[in-house]
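Examination of the molecular architecture
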Amino acid sequence: DFVGLDRWFNSAPLSIKDLRGKVVLVNFWTYGCVNCVHTLPHVTQLYAKYKDRGFVVVGIHTPEFPFERSSGNVQAALKRHGITYPVAQDNDSRTWDAYRNQYWPAQYIVDRDGSVIYQHAGEGAYDEMDRIVARLLKAAS
């Protein structure tokens, strides 16, 4: 689940339990990571493509450097990259630790029952993630 988060942007606080029945992409990132920035257009496109079909992206902004802990800097990055999906600040890495995550960026796809069914670290695998999300959404429609 999402634990120890400092602040939510674009949404009230969420939990995996709240999102049950939806397909969720949990995206660990930080705005100072060039690899993370490279993935953002793909994540926002995936969100735009499926958000009206029961798909949610939850960005977990986990800072690597002290300057990335600033809420103002995170807010500016969201605006700069056109991010409208929910994003939470994980300044103490508690959600990061709960997922046993080790990489920036990292994506986890959670099915409608709340189980992580896919995980990818780094850039790429965009078509694969699209296929998985489409399959999970179609399976329930």
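In what follows, the structure referred to is the one given above.
For the structure given in this document, a descriptive report is provided here.

Calculation notes
- Residues numbered from 1 in each chain as written.
- Predicted model: local features only at pLDDT ≥ 70, side-chain atom pairs only at ≥ 80, totals over all residues.
- Heavy atoms only, no water.
- Helix = DSSP H or I, 4+ residues; strand = E, 2+ residues; numbered from the N terminus.
- Rg over C-alpha atoms; globule rule 2.2 N^0.38 Å.
- Buried < 20%, exposed > 50% of the residue type's maximum accessible area, 1.4 Å probe, protein only.
- Contact = heavy atoms within 4.5 Å.
- Areas by Shrake-Rupley, 256 points an atom, 1.4 Å probe, with all protein chains shown as cover.
- Salt bridge = Lys/Arg side-chain N within 4 Å of Asp/Glu carboxyl O.
- Pairing = 2+ DSSP bridges.
- Axes fitted to C-alpha atoms, helices over the stretch in contact; angles between N-to-C directions.
- Arc of directions from axis to C-beta.
- Polar contact = N/O pair within 3.5 Å; in protein donor to acceptor, adjacent residues only side chain to side chain.

Things to note about the overall build of the protein chain
- What the protein chain contains, in helices and strands, is four helices and six strands.
- Reading the protein chain from its N terminus to its C terminus gives the helix and strand order β-β-α-β-α-β-α-β-β-α.
- A globule of 141 residues ought to have a C-alpha radius of gyration of about 14 Å, and the protein chain, at 14 Å, matches this closely.
- By its C-alpha atoms, the protein chain is 45 × 25 × 25 Å across when sized along the principal axes.
- Expressed as a percentage of its 141 residues, the buried residues of the protein chain come to 48%.
- Restricting to contacts in the protein chain with at least 6 residues of sequence separation, those with at least 24 account for 74%.
- Total accessible area on the protein chain stands at roughly 7,000 Å², and carbon and sulfur atoms take up 47% of it.

Section: the environment of Pro66
- Summarising the element assignment, Pro66 is placed in the loop between strand 3 (55–61) and helix 2 (71–81).
- Residues Pro66 and Asn91 lie 25 residues apart in sequence; the distance between their C-alpha atoms is 9.2 Å.

Structural notes on the pattern of salt bridges
- Applying the stated criterion across every chain yields a total of two salt bridges.
- Residue Asp130 is joined to Lys49 by a salt bridge in which the shortest nitrogen-to-oxygen separation is 2.9 Å. Of this pair, Asp130 sits in helix 4 (residues 126–139) while Lys49 sits in helix 1 (residues 34–50), placing them 81 residues apart in sequence.
- Notably, a salt bridge pairs Arg69 with Asp92, separated by 3.6 Å at the nearest N-O pair.

Observations concerning the sheet that holds strand 4 (residues 87–89)
- Across the sheet, six strands lie side by side as 1-4-3-2-5-6; this open sheet has mixed pairing. Each edge of the sheet is formed by a strand with only one pairing partner; in this case those strands are strand 1 (7–9) and strand 6 (116–121). Between one strand and the next, the sheet's axes are offset by a mean angle of 20°, whatever the strand orientation.
- Taken together, the three bridges between strand 1 and strand 4 define a ladder with antiparallel strand orientation. Residue pairing for strand 4: Arg7 is matched across the bridge by Gln89.
- Running over the sheet, helix 2 touches strand 1, strand 2 (23–29), strand 3 and strand 4 and is turned about 20° from strand 1.
- Sheet strands in contact with helix 4 are strand 2, strand 3, strand 5 (106–110) and strand 6, and its direction is about 165° off that of strand 6.

A word on helix 2
- Those residues of helix 2 that fall on the buried side of the exposure criterion are Val74, Ala77 and Leu78. Take helix 2 and look down its axis: the buried residues cluster within an arc of 100°, on one side only. Looking at helix 2, the residues exposed on the side facing more than 90 degrees away from the buried face are Lys79 and Arg80.
- Put simply, Ser70 is the residue that caps the front of helix 2, since its side-chain oxygen is 3.3 Å from the backbone nitrogen of Gly72.
- Positioned one or two residues after helix 2, Gly82 has a phi angle of 65°, which is positive.

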